[in-house]
Structures are given as C-alpha cells and as structure tokens.
Amino acid sequence: MENTSGVGVLDKVTSILGTLEAGPATLAGLVASTGLARPTAHRLAVALEQHRLVARDLQGRFVLGPRLTELSAAAGEDRLLGAAGPVLTHLRDVTGESAQLYRRQGEIRICVAAAERLSGLRDTVPVGVTLPMKVGSAAQILLAWEEPERLHRGLQGARFTATALSGVRRRGWAQSIGERELGVASVSAPVRGPSNRVVAAVSVSGPIERLTRHPGAHLSQAVTEAAKLLTEALCHP
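## A word on the sheet that holds strand 8 (residues 198-207)
For sheets, the rule is that strands pair by backbone hydrogen bonds, running either parallel or antiparallel.
For step 1, the next point in the chain: With antiparallel pairing, six strands are arranged side by side in an open sheet as 5-4-3-8-7-6. Both outer strands of the open sheet, strand 5 (130-132) and strand 6 (174-177), are each paired with one neighbouring strand and no more. When strand polarity is set aside, the average angle formed by the axes of neighbouring strands in this sheet is 30 degrees.
For step 2, the next point in the chain: Pairing of strand 6 with strand 7 (residues 184-192), which is carried by four bridges, proceeds in the antiparallel orientation. Paired with alanine 174 across the bridge in strand 7 is serine 188.
For step 3, the next point in the chain: Along the sheet, helix 6 (residues 137-144) contacts strand 3 (98-105), strand 4 (108-115), strand 5, strand 6, strand 7 and strand 8; its crossing angle with strand 8, the most-contacted strand, is approximately 160 degrees.

Here it is as structure tokens:
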C-alpha cells in the first residue's frame, strides 16, 4: 500500500476508501484492489458501513457513504459563513423580514447566521440557538432531501408530513405557519454543497399578520435566490 502511516488499520481503511473513490466495488473487488485478506476487507468494510462512511448500492456493492459528504460539507462551513453575512443582509432588506441560516446537527438544527429586521415586530432567532427538527420550514428543507431511512425517522413526531415534504421537493422551498412558534410564519430554501447535497437552509421569518397565511406566495422567490447565491459560493469559491 502507498502512503502508509504506520498505523495498520488506518492504512487499510484508507485503501478501501481509495478503491471506492473510483466507483462501486464488490467484496472481491476490494480484495483485489487493496491486497487485503478477504475476512479483513469484509470486516473493515462492514465497520465503515456502520459509521456511514461506506454504503451499499442496489446491487449490494460497496460505495462511498453519506457521512463523507456531511464531513465535506462541514469543511466548507467557513466559506458558507463568510458568504452568509451579505446574502442574509440583502435578503432582510428586500423582504423587510428577519433572515436566518440553519444547519442540521443530528436531531436539531442550529442558527449559524442571521440578519434581524431593524425595527418593529420581528422574529428574533439568535445565532447559536438550537431548534428542533420536527417543526418549521427550515426543518422541512433540511429533511426533505434526506435518504429514505433518515427521512422516515425524521418524520416521526413531526408537525409536517411526507406529503408536505414531497411538495417541498417539487417546489424547491418550504413554508410554515405557526409550526415553530404561535403567530410566526417562515419560508425556507435549500443551500447545496458541491455534491448537490442540502447542507443548510436559508429562511425568512416574521409575524403571520405581516407574512400572511401564504408567505411563500410573495417571499419564496427572494429566499430561493438567496439560497442559490450561497450554493454558488460553496460550489464555485
């Protein structure tokens, strides 16, 4: 094996991931490419699968897993936050409402950037606050494009349904009316990383009396445009 570190198990794991970088592989393919003994290749590949670093395709072959995409997205977070300030400020100014950026972390979502409405009645979400993944338009966005098993698990106890998330995927944006907090409405859109995975949600939020019970009708275009700008910042730095 090339580029050995002297830590045997890590070198073997790296050789497996390196093989899968070229595409799906059967167990026999892993053995042939890595030179590992069949029982060792199987044991390590299954362990990597448990940690979601490796997955299986429809033919049962080993492929790179979703956890690698998530780690890649996290590595790009500084770039995302760097771009978020001016984009959220512009979104706030064109909509007249508070704007936020959320990232998912397990079963919660975190507000990682915000631009507050300057005066009047507003929905204030401080940076660093954690909110549940069961309510709100940002939660819908962060869940809608998940792999089926995680999506099904995330829907348990949620205030929205699988049908609602199907609509979110079709439209490309989500809205909520009084889900997270009584009297508050919001509209959110997805920010995607280089692999096209949804890595964050851009939102605007405010009182229902101002956003109405159909906030997406007049806010979705501005929110999706902001999300597109952040996606471009991540994909074309």
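## As for helix 2 (residues 27-34)
For step 1, the next point in the chain: Residues of helix 2 that are buried include every one of Leu27, Leu30 and Thr34, and no others. On an axial view of helix 2, the arc spanned by its buried residues comes to 55 degrees, and they lie on one face. Looking at helix 2, the residues exposed on the side facing more than 90 degrees away from the buried face are Ala32 and Ser33.
For step 2, the next point in the chain: Elements in contact with the buried residues of helix 2: helix 1 (8-21), helix 3 (38-50) and strand 2 (62-64).
For step 3, the next point in the chain: Glycine 35 occupies a position one or two residues after helix 2 and carries a positive phi of about 80 degrees.

About the thresholds
- Residues numbered from 1 in each chain as written.
- Predicted model: local features only at pLDDT ≥ 70, side-chain atom pairs only at ≥ 80, totals over all residues.
- Heavy atoms only, no water.
- Pairing = 2+ DSSP bridges.
- Helix = DSSP H or I, 4+ residues; strand = E, 2+ residues; numbered from the N terminus.
- Axes fitted to C-alpha atoms, helices over the stretch in contact; angles between N-to-C directions.
- Contact = heavy atoms within 4.5 Å.
- Buried < 20%, exposed > 50% of the residue type's maximum accessible area, 1.4 Å probe, protein only.
- Arc of directions from axis to C-beta.

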